[in-house]
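Analysis of the macromolecular model
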Amino acid sequence: MSLALLFPGQGVQHPDMLRWIDVLPEAAAPLAAMAGRLGRDWRLRLADDAWATSNRVAQCLMTGTGLAAWRALAGRLPAPVAVAGYSVGELAAFGAAGVYDDETALALAEARSQVMDACAAGREGGLLSASGVAREMVLALCERLDLAIAIDVAPDRVVLGGSTDALAEAADGLRSSGADVVPLKVRIASHTRWMQAASDDFAAQLAPMPWRPAGTWVVTNLDGSAQRAVPPLKRALAGQIAATVRWRDAMESLAERRPACVLEVGAGSALSRLWRTHRPEVPVRSVDEFNSVSAVVNWVSRQLDRVA
């Protein structure tokens with residue numbers, strides 16, 4: 001009987017996300033650390049899309065709320081057999097695995113956004129999700145328009161990164177071929193070669209930090225491997241800023257841990273939908289689909305009892 005956790009990345013935040021965490025004492029510390037950076041009125045400001053989707057805000061928001069939700073649940077659920085975070089979701093995943101405390105996670109979210117924004121200064125970029133598209137067409141578009149595969153999601157689904165103009169041209173071509181195309185609420189070309197300076201700067205900041213070995217397996221974006229030791233975790237967290245997120249490989253690695261169920265801990269349910277497509281036999285839900293801690297705990301308990 002085992003539970004695996006997924007922590008989402010930016011782009012799925014919304015004004016009503018995870019309202020049940022606001023009054024829970026276990027969630028207070030990460031929420032306070034987040035509010036210290038975003039302001040006590042962060043919940044009200046989520047209605048301002050320009051504010052909520054800015055890189056600095058979104059990275060702190062996803063890290064803080066993901067950890068707050070998990071802190072509220074952790075004492076009522078079994079320890080996870082493995083955790084994985086999608087893009088900036090790795091910060092919360094590492095925190096849930098005990099690698100560092102919540103204040104450190106929020107400080108890293110702020111630092112990560114700063115080095116990425118500095119690296120992207122003067123270059124208008126972003127990310128574009130495309131599904132139902134042949135890999136050959138993706139590679140041809142990358143070559144012709146100077147784009148990169150930022151996230152490898154599935155055999156027929158990728159997220160492309162690059163300049164705003166190139167992504168707009170790619171979107172037109174993909175739509176004409178019948179692909180489902182969605183521009184993401186991310187304003188820089190994350191997980192591409194254009195972020196190499198940010199990756200190097202972040203690695204330098206991580207190097208002296210006194211992290212702890214993970215208390216459970218952490219499945220990384222950089223190569224999809226499951227890690228516990230500090231050196232490979234630091235390499236993975238810094239490296240994924242400028243490298244393709246290998247989410248497809250990460251989900252294979254997570255599935256090898258044979259979880260009885262999977263819980264997405266954070267806003268939205270994008271990762272739950274991806275998992276359901278990848279492993280429909282393993283139940284999955286997002287905590288954002290529930291209205292209370294008890295409802296989440298009851299669902300997980302039922303899934304674990306089912307295979308007991």
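Residues numbered from 1 in each chain as written. Predicted model: local features only at pLDDT ≥ 70, side-chain atom pairs only at ≥ 80, totals over all residues. Heavy atoms only, no water.

A few words now on empty space enclosed by the protein. Under the defined criterion, the tally for this structure stands at 1 cavity of 30 Å³ or more. For the largest cavity, the calculated volume is near 40 Å³. Every residue along the wall of the largest cavity is listed here: Ala120, Arg123, Gly125, Arg187, Ile188, Ala189, Trp194 and Met195. (1 Å grid on protein atoms, 1.4 Å probe; cavity = no way out; pocket = protein on both sides within 12 Å on 5 of 7 lines; lining within 4 Å. Points joined across faces, edges and corners; volume = space filled by probe spheres on them.)

Right, let's talk about the pairing of strand S4 (residues 148-154) for a bit. A large share of S4 lies buried, amounting to 7 of its 7 residues. The pairing of S4 with strand S5 (residues 157-163) spans 5 bridges and is classified as antiparallel. Note that in S5 the partner of Ile151 across the bridge is Val159. Connecting S4 to the next strand, S5, in antiparallel fashion are 2 residues. (Buried < 20%, exposed > 50% of the residue type's maximum accessible area, 1.4 Å probe, protein only. Helix = DSSP H or I, 4+ residues; strand = E, 2+ residues; numbered from the N terminus. Pairing = 2+ DSSP bridges.)

Here we take up the layout of surface pockets. Within this model, the largest pocket holds a volume of roughly 810 Å³. If you trace the largest pocket, you find 37 residues lining it, with Tyr86, Ser129, Arg157, Ala270 and Leu274 closest to the centre. Of all the elements in the fold, those that place two or more residues in the lining of the largest pocket are strand S3 (125-131), S4, S5, strand S6 (180-183), helix H11 (247-255) and helix H12 (270-278). Among the elements that make up the lining of the largest pocket, the one with the highest residue count is H12 (7 residues). What the second largest pocket holds in volume is close to 160 Å³. In this structure, the second largest pocket is lined by Asp22, Ala28, Leu31, Ala32, Ala35, Arg40, Trp42 and Arg43. Sorting the residues of the lining of the second largest pocket by element identifies helix H1 (28-38) and helix H2 (42-45) as the ones contributing at least two each. It is H1 that provides the largest number of residues to the lining of the second largest pocket, a total of 4 residues. Of the residues belonging to the lining of the second largest pocket, the class tally is 5 nonpolar, no polar and 3 charged. (Nonpolar A, V, L, I, M, F, W, Y, C, P; charged D, E, K, R; others polar.)

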